[in-house]
Amino acid sequence: MSWLITGGAGYIGSHITRAMRAAGEQVVVLDDLSTGSVDRVGDAHLVVGSILDGDLLRRTMRSAGVRGIVHVAAKKQVAESVAKPLHYYRQNVEGLRVLLEAAVAHDVESLVFSSSAAVYGSPDVALVEEDHPCLPVNPYGATKLVGEQMIADVAAATGLRYANLRYFNVAGTGDPTLTDQGISNLVPLVFDRLSNRRSPHIYGGDYDTPDGTCIRDFIHVADVASAHVAAARALRSGEVTGLTANIGRGQGVSVREMVETIRRVTGTDQAAWAEPVVLPRRPGDPAQVVASSTRLQSVLGWRASEDTEQMVRSAWAGWVAMGRTAPAAAAVG
Ligand SMILES: NC(=O)c1ccc[n+]([C@@H]2O[C@H](COP(=O)([O-])OP(=O)(O)OC[C@H]3O[C@@H](n4cnc5c(N)ncnc54)[C@H](O)[C@@H]3O)[C@@H](O)[C@H]2O)c1
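No experiment lies behind these values; they were computed from the predicted model shown.

Peer 1: Sorry if this is basic, but what is going on with the site of the ligand here?
Peer 2: Around the ligand there are 28 residues in total, and Gly7, Gly10, Ile12, Gly36 and Ala74 lie nearest to it. At the level of elements, helix 1 (11–22), helix 4 (85–105), strand 5 (110–116) and strand 7 (169–171) are the ones that each hand at least two residues to the shell around the ligand. Here the shell around the ligand gets three residues from one element, more than from any other, and that element is helix 1. Residues belonging to the shell around the ligand are distributed by class as follows: 11 nonpolar, 14 polar and three charged.

Okay, here's the thing in structure tokens:
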């Protein structure tokens, strides 16, 4: 059997593709390359096209003997989802519906779905458990929640085995060639500022947290990938189904702490211009979002192994390998 990995040319999908192959699984990647790149797929079989193309999906599933799907492809920018909600519903919800229709027609047995902590919205608890009410605060989070529900409904009707995996803040790289090329998450945003000799921005310094800045749960992308391998195998063996689980470390790190780690790793911690500037809060940013990570540990025996230092070091190596460091900034010590 083989696994169809949608979005396998993207940041997280390419790590999953590599980890699945390293574990001896056969894979075929389907990606429209809207934010992905061919280079990341290596010599895995790549089909270029959209999950909205049902005919292409059916042909791919038939010719590759697909029995399982890891559905990673999606649009993921929160602000863009607020500005273009229908685009997000089309890509993330309609795209998943078309994929499920093809999967059911082809008797696919297992599905792993890339969900997000964004389904919780602004949780008011120290550690977010999976049973916490889901009240997304933006269209992106809403599309992920609808996706989870659609999968559960199809599973109830067909016996499809599934795992909805809710990622928290993904960072780092398992290989410089697979680095996140977008500049939308905290780590690349700070790299971008520092590379241009500009001070990093922190949004909000007056939250009810120990240092006043938001607290998040950062998880290394290689750990995210290993969780997918474990989930895919447990689904295939029939040992697990109907799983909804967080992927996080269960440890909160404040934005200020993360910025300080980045300054140290990039050698900019002594530079006056690299002092972070605290700006007003951004609307909709919850004070603290940290995963309870016990469910994935108890169901799959999976646990995260990489810490924030390793996330930042690997991400910086990838950033430099992409040629994004301004020479002047790199030399600052
Ligand atoms: N990066 C994070 O911190 C994070 C956190 C939570 C959840 N997620 C989820 O993880 C998944 C991957 O995120 P990423 O950070 O790797 O993003 P990414 O943009 O790097 O990867 C998405 C991939 O999907 C492809 N794609 C998009 N629309 C497609 C379509 N209609 N048909 C085929 N391919 C399509 C893109 O070309 C790209 O290769 C997404 O589902 C995202 O919502 C990411």
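Peer 1: For this particular structure, what's the right way to read helix 2 (residues 54–64)?
Peer 2: Every α-helix winds through 3.6 residues per turn, so residues three or four apart in the chain are directed the same way. The set of residues buried in helix 2 consists of Leu57, Thr60 and Met61. Mapping the buried residues of helix 2 onto a view down its axis gives an arc of 95°, with all of them on the same face. Opposite its buried face, helix 2 presents the exposed residues Asp55, Arg62 and Ser63, each directed more than 90 degrees away. Check the buried side of helix 2 and you find it contacts strand 1 (2–6), strand 2 (26–31), strand 3 (45–48), strand 4 (66–71) and helix 4. A positive backbone phi angle near 60° is found at glycine 65, which sits one or two residues after helix 2.

Peer 1: Sorry if this is basic, but what is going on with the pairing of strand 5 here?
Peer 2: Each regular strand carries side chains that alternate between the two faces of the sheet. Among the seven residues of strand 5, seven are classified as buried, and the element is accordingly described as predominantly covered. Of the pairings in the sheet, the one linking strand 4 to strand 5 comprises four bridges and is parallel in character. Looking across to strand 5, one finds that glycine 68 is bridged to serine 110. Where strand 5 lies against strand 6 (residues 161–167), seven bridges are found, and the strand directions are parallel. Bridging from a neighbouring strand, serine 114 pairs with leucine 165 of strand 6. In this view, the connection linking strand 5 to its parallel neighbour strand 6 by way of helix 5 (residues 139–158) has right-handed handedness.

Peer 1: How should I be thinking about the sheet that holds strand 9 (residues 215–216) in this particular structure?
Peer 2: Paired through their backbone hydrogen bonds, the strands of a sheet run either parallel or antiparallel. Read across the open sheet, the three strands follow the order 12-9-14; overall the sheet is mixed. With one partner strand each, in any of the chains shown, strand 12 (253–254) and strand 14 (288–289) form the two edges of the open sheet. Across two bridges, the pairing between strand 9 and strand 14 is parallel. Residue pairing in the sheet places arginine 216 in a bridge with valine 289 of strand 14.

Peer 1: Could you clarify how one ought to interpret the domain arrangement of the protein chain in this entry?
Peer 2: One widely used convention gives an interface's size as the accessible area the parts lose upon coming together. Domains assigned within the protein chain are domain 1 (2–171 + 218–247) and domain 2 (176–216 + 250–292 + 307–330). Computed from C-alpha coordinates alone, the two centres of domain 1 and domain 2 are separated by 26 Å. Taken together, the contact between domain 1 and domain 2 spans 22 residues of the former and 22 residues of the latter. At the level of secondary structure, the elements contributing two or more residues to the side of domain 1 that touches domain 2 comprise helix 1, strand 7 and strand 10 (218–220). The element contributing the most residues to the side of domain 1 that touches domain 2 is helix 1, with three residues. Considered class by class, the residues forming the side of domain 1 that touches domain 2 number 10 nonpolar, nine polar and three charged.

Conventions and cut-offs
Residues numbered from 1 in each chain as written. Predicted model: local features only at pLDDT ≥ 70, side-chain atom pairs only at ≥ 80, totals over all residues. Near = placed C-beta within 6 Å. Helix = DSSP H or I, 4+ residues; strand = E, 2+ residues; numbered from the N terminus. Nonpolar A, V, L, I, M, F, W, Y, C, P; charged D, E, K, R; others polar. Buried ≥ 20, exposed ≤ 12 C-beta atoms within 10 Å, placed from the backbone. Arc of directions from axis to C-beta. Contact = placed C-beta atoms within 7 Å. Pairing = 2+ DSSP bridges. Right-handed = clockwise from strand over helix to strand, strands pointing away. Domains from an automatic or database assignment.

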